[in-house]
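Spelled out from the first residue to the last, the chains are:
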Amino acid sequence: MAVNALEDFRCFAGITESWELVKTGLVIIAEMSYKLELWHSYSNPDIPYYVSTYVQENGVWRKLPDQSFPIAPSGDEALRTAMAFLVEKHAA
């Protein structure tokens, strides 16, 4: 058994992927609120971390339709990539 139960996903018939929400963060750019979710994959070593990005509109969070899904070998690098994407999006 692994230290983290999600790492044992292969022990359960039918489970093909295992992800863990590691961290959430909030950034504000030009008075727009963005929520960043950092996910860690136990099932895909090629994509160990990725960030899903949401924007708040009228009090409701919705996933960005044109997000880049930043992936990286470390969580901090993935979050930095996501923040750079958001800043570039606002500069355009």
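Remember, it's a predicted structure, so these values are computed and weren't measured experimentally.

Here is what the cut-offs are and how they apply
- Residues numbered from 1 in each chain as written.
- Predicted model: local features only at pLDDT ≥ 70, side-chain atom pairs only at ≥ 80, totals over all residues.
- Heavy atoms only, no water.
- pLDDT = per-residue confidence, 0-100.
- Helix = DSSP H or I, 4+ residues; strand = E, 2+ residues; numbered from the N terminus.
- Expected span 1.5 Å × (residues − 1).
- Buried < 20%, exposed > 50% of the residue type's maximum accessible area, 1.4 Å probe, protein only.
- Arc of directions from axis to C-beta.
- Contact = heavy atoms within 4.5 Å.
- Core = buried A, V, L, I, M, F, W, Y, C linked by side-chain atoms within 4.5 Å.
- Pairing = 2+ DSSP bridges.
- Phe/Tyr/Trp six-rings, centres within 6.5 Å; stacked < 30°, edge-to-face > 60°.

Colleague: With reference to specific residues and values, describe the confidence of the model for the protein.
Modeller: Per-residue confidence for the protein gives a mean pLDDT of 91; residues scoring 70 or more make up 98%. Across the protein, strand 1 (residues 19-29) holds the top mean pLDDT of 97, while strand 5 (residues 71-72) sits lowest at 90.

Colleague: Kindly report on helix 1 (residues 75-91), identifying the contributing residues and their values.
Modeller: Since the α-helix advances by 3.6 residues per turn, residues separated by three or four positions end up pointing in the same direction. Compared with the 24 Å implied by 1.5 Å per residue over 17 residues, the 25 Å span of helix 1 between its first and last C-alpha is a close match. Among all positions of helix 1, only Gly 75, Ala 78, Leu 79, Ala 82 and Leu 86 are buried. Projected down its long axis, helix 1 carries its buried residues within an arc of 100 degrees, all on one side. Opposite the buried face of helix 1, by more than 90 degrees, sit the exposed residues Arg 80, Glu 88 and Ala 91. The secondary structure elements touched by the buried residues of helix 1 are strand 1, strand 2 (32-41), strand 3 (49-57) and strand 5.

Colleague: Please provide a residue-by-residue account of the nonpolar core, values included.
Modeller: Inside soluble globular proteins, nonpolar side chains tend to come together where they are buried. The biggest cluster of nonpolar side chains holds 13 residues, and the ones touching the most others in it are Tyr 34, Leu 36, Val 51 and Leu 86. Listing elements by their share of this core, those giving two or more residues are strand 1, strand 2, strand 3 and helix 1. In this view, Leu 86 contacts Val 27, Ile 29, Tyr 34, Leu 36, Thr 53 and Leu 64; residues no more than four positions away in its chain are not counted.

Colleague: Tell me what's going on with the pairing of strand 4 (residues 60-63), and back it up with residues and numbers.
Modeller: The two faces of the sheet receive side chains in turn, since in a regular strand these alternate between them. In terms of strand pairing, strand 3 meets strand 4 through four bridges, oriented antiparallel. Along strand 4, the bridge assignment pairs Gln 56 with Trp 61. The antiparallel pairing of strand 3 with strand 4 creates a hairpin that spans two residues between the two strands, and Asn 58 there sits at a positive phi of about 55 degrees.

Colleague: Please give an account of the environment of Ile 15 that cites residues and values.
Modeller: Structurally, Ile 15 can be placed in the segment before strand 1. Accessibility expressed as a relative area gives 42% for Ile 15, which makes it partly exposed. For the pair formed by Ile 15 and Ile 71, sequence separation is 56 residues and the distance between their alpha carbons is 22 Å.

Colleague: Tell me about the packing of aromatic side chains, and name the residues and values.
Modeller: Throughout the structure, instances matching the rule amount to one aromatic pair. An angle of 85 degrees between the planes, with centres 5.2 Å apart, marks the rings of Trp 19 and Tyr 50 as edge-to-face. Note that Trp 19 is positioned in strand 1 and Tyr 50 in strand 3, a separation of 31 residues in sequence. Of the residues examined, Trp 19 reaches a relative accessible area of 26% and is grouped as partly exposed. Classification of Tyr 50 as buried rests on a relative accessible area of 17%.

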